[in-house]
Amino acid sequence: MIDKLEVGKRINNLRNNLNYSQAELAEKLAVSTQAVSKWETGASLPDVEILLNISWICNTSINAILEGDNFFDENINIDRDLFHLNKFLICPKCKKQMKLNIQKNDTLIYECDNNHQYYVVDGVVDFRTREIPGEQWSLSYRNYEEYLHEQYWPCNPNYNRGINQSEVIWEKISELRPRVILDIACGTGQGIKHQIKRINWPVTIIMVDLSHRILKWNKIFYSTEWKNPYVEMIYLACDGANLPILSESVDLVFSYSGYESMQAKMFDGFREANRVLKNEKHTIYNKSVIESFESKNSKKWMNLLLSSVNEEEKVWWKCEFIDIERWLNICTTSGFLENKSIQIYGELPAPDCDTFPFENEMAQWMAEYIFISKKLRA
Ligand SMILES: [Zn+2]
């Protein structure tokens, strides 16, 4: 039998810990202030769905609210978020589901039935992946201060033309209201960052990147100055082309230039996104594309770029040149049967000279699209 009076006291405690008034908690839960007051005095119990939301907002479990279970006691120094992963994680080697193990010395390990083990290091589950050799972009930040500087640095204006990408993404995300979002090849979280600030329903965001180094800093950034109490963040240092995540468990795969940053593994990453998505759910992502293989402007840019890179880079860029038509075909063959494309900006006009004008970030001339692709089981 559930003791309503005790449940009320616990809700009251949790609310006070967050320094919310009854009205503030009520607003976050979309209920009346009177409802909160009734729970706290033991006159009634919250509905199951609302209980779930209370547990998310107050960073605890439903059990803890109903039964005073101290599983997530503050004295045990474990992020509740990490327990949620038990629902999602599979071993990248043998694909068996994994469970969290707490060692005597407080070390946390995810382990499968075949004893493959992955440590939680600085709050990030570490699948021991390394960044793409020769690139290792995270090394451009020497420490957290430099990382932080980058988080507030204005974007290169060539990537900032056209309509506001964040608004287009927000419109769709707020319509879909996903509960579990996977941000694939997230880097510093440039695309999801602006969404995180605005989310006003309980969400788990799983940030995935090869680089443990960046995720470790993301964890600090998104749990301090960029924190949103609605959003629970989980960090996996793993390969986006071999996600340690259960099939059909995610509501939205988000990528902000993430797929293309996976380079040779881009298509594998895209298929993995399809695998982990529940049926009829979406991936929303931006992508640089050329306008058309037939267009004079596209052809001129491609020639300029190819004449400025070495043989090895040429091979890579030739794969990277994809026009809208080809990309929509790739979507369909990857299991995304419904696709919408929104142009953010078009190609820059090709310059009237023989040298390619950009030294790094060579995609600045390309067109930019937001794609919304829906998984539909064939
Ligand atoms: Zn295993």
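Residues numbered from 1 in each chain as written. Predicted model: local features only at pLDDT ≥ 70, side-chain atom pairs only at ≥ 80, totals over all residues. Heavy atoms only, no water.

Caption draft 1: Geometry of the UniProt feature "domain: HTH cro/C1-type" (unreviewed entry) in the protein. Using the residue numbers shown here, the UniProt feature "domain: HTH cro/C1-type" (unreviewed entry) corresponds to residues 11–65. Counted over residues 11–65, helix gives 67% and strand 0%. Its end C-alpha atoms are 7 Å apart. (UniProt positions renumbered as here; feature names shortened; annotations may be inferred. Helix = DSSP H or I, 4+ residues; strand = E, 2+ residues; numbered from the N terminus.)

Caption draft 2: Layout of the state of the cysteines. One pass over the structure, following the stated rule, counts 0 disulfides. The cysteine C331 is free of any disulfide, with C319 supplying the nearest cysteine sulfur at 17 Å. (Disulfide = S-S within 2.5 Å.)

Caption draft 3: Looking closely at the sheet that holds strand β6 (residues 203–209). One open sheet holds the 11 strands; their spatial order is β1-β2-β3-β4-β7-β6-β5-β8-β9-β11-β10, and the pairing between them is mixed. Across the chains shown, the open sheet's two edge strands, defined by having one partner strand only, are β1 (99–102) and β10 (336–345). Strand after strand, the sheet turns through a mean of 20° between neighbouring axes, direction not considered. By the bridge criterion, 8 bridges tie β10 to strand β11 (residues 367–375) in an arrangement that is antiparallel. Along β11, the bridge assignment pairs S341 with F371. (Pairing = 2+ DSSP bridges. Axes fitted to C-alpha atoms, helices over the stretch in contact; angles between N-to-C directions.)

Caption draft 4: Spatial organisation of helix α13 (residues 296–306). Taken residue by residue, α13 has S298, W301, M302, L304, L305 and L306 as its buried positions. Turning to α13, the residues buried within the fold contact α14 (311–320). Structurally, the start of α13 carries an N-cap: the backbone nitrogen of N297 is 3.3 Å from a side-chain oxygen of S295. (Buried < 20%, exposed > 50% of the residue type's maximum accessible area, 1.4 Å probe, protein only. Contact = heavy atoms within 4.5 Å. Polar contact = N/O pair within 3.5 Å; in protein donor to acceptor, adjacent residues only side chain to side chain.)

Caption draft 5: Up close: the coordination of the zinc ion. Looking at the zinc ion, the protein donor atoms are C91 (SG), C94 (SG), C112 (SG) and H116 (ND1), and they sit 2.1 to 2.4 Å from it. Note that the zinc ion binds 4 donor atoms; their angles at the metal cover 102 to 119°, and the shape is tetrahedral. The sequence motif formed by the donor residues of the zinc ion is C-x2-C-x17-C-x3-H. Judged by relative accessible area, which is 0%, C91 ranks as buried. Given the relative accessible area of 24%, C94 is considered partly exposed. (Donors = N, O, S within 2.8 Å, 3.2 Å for Na, K, Ca; no water. Tetrahedral: all angles 85-135°; square planar, octahedral: opposite > 155°, others 65-115°.)

Caption draft 6: Representation of the pairing of β1 in the model. Where β1 meets strand β2 (residues 108–111), 4 bridges bridge the pair, whose relative direction is antiparallel. Directly across from I102, in β2, lies its bridge partner L108. In textbook terms, the turn of a hairpin is the stretch between consecutive antiparallel strands, and for β1 and β2 this stretch comprises 5 residues, one of which, D106, has a positive phi near 70°.

Caption draft 7: Highlighting helix α7 (residues 144–151). Residues of α7 that are buried: Y144, Y147, L148 and Q151. Down the axis of α7, the buried side of the element spans an arc of 100°, and every buried residue falls inside it. Where α7 is buried, its residues contact α9 (190–196) and α10 (212–223). (Arc of directions from axis to C-beta.)

Caption draft 8: A look at unusual backbone geometry. Its identity as a non-glycine residue notwithstanding, D122 has a phi of 55°, on the positive side. Looking at the element boundaries, D122 is found in the loop between β3 (117–121) and β4 (124–126). Within the chain, Q263 stands out as a residue other than glycine whose phi angle is a positive 50°. Examined against the element boundaries, Q263 turns out to sit in the loop between α11 (258–261) and α12 (266–276). With relative accessibility at 24%, the residue Q263 sits in the partly exposed group.

Caption draft 9: The packing of aromatic side chains, seen in detail. Per the counting criterion, the structure on display carries 27 aromatic pairs. Taking the centre distance of 5.5 Å and the plane angle of 20° together, the rings of Y144 and Y147 count as stacked. Here Y144 pairs with Y147, and both are found in helix α7, just 3 residues apart, close to one helical turn. Across this residue pair, the class does not change: Y144 and Y147 are buried. Taking the centre distance of 5.5 Å and the plane angle of 20° together, the rings of Y285 and F371 count as stacked. Highlighted residues: Y285 in strand β9 (residues 277–289) and F371 in strand β11, separated in sequence by 86 residues. Through pairs of rings, three or more aromatic residues link up here, namely W137, Y141, Y144, Y147, Y152, W217, F221, Y222 and W226. The ring of W226 has K197 lying over it, and the distance from NZ or CZ to the ring centre is 4.0 Å. Positioned above the aromatic ring of W327 is the side chain of K287, whose terminal nitrogen or guanidinium carbon lies 5.2 Å from the ring centre. (Phe/Tyr/Trp six-rings, centres within 6.5 Å; stacked < 30°, edge-to-face > 60°. Lys NZ or Arg CZ within 6 Å of the ring centre and 35° of its normal.)

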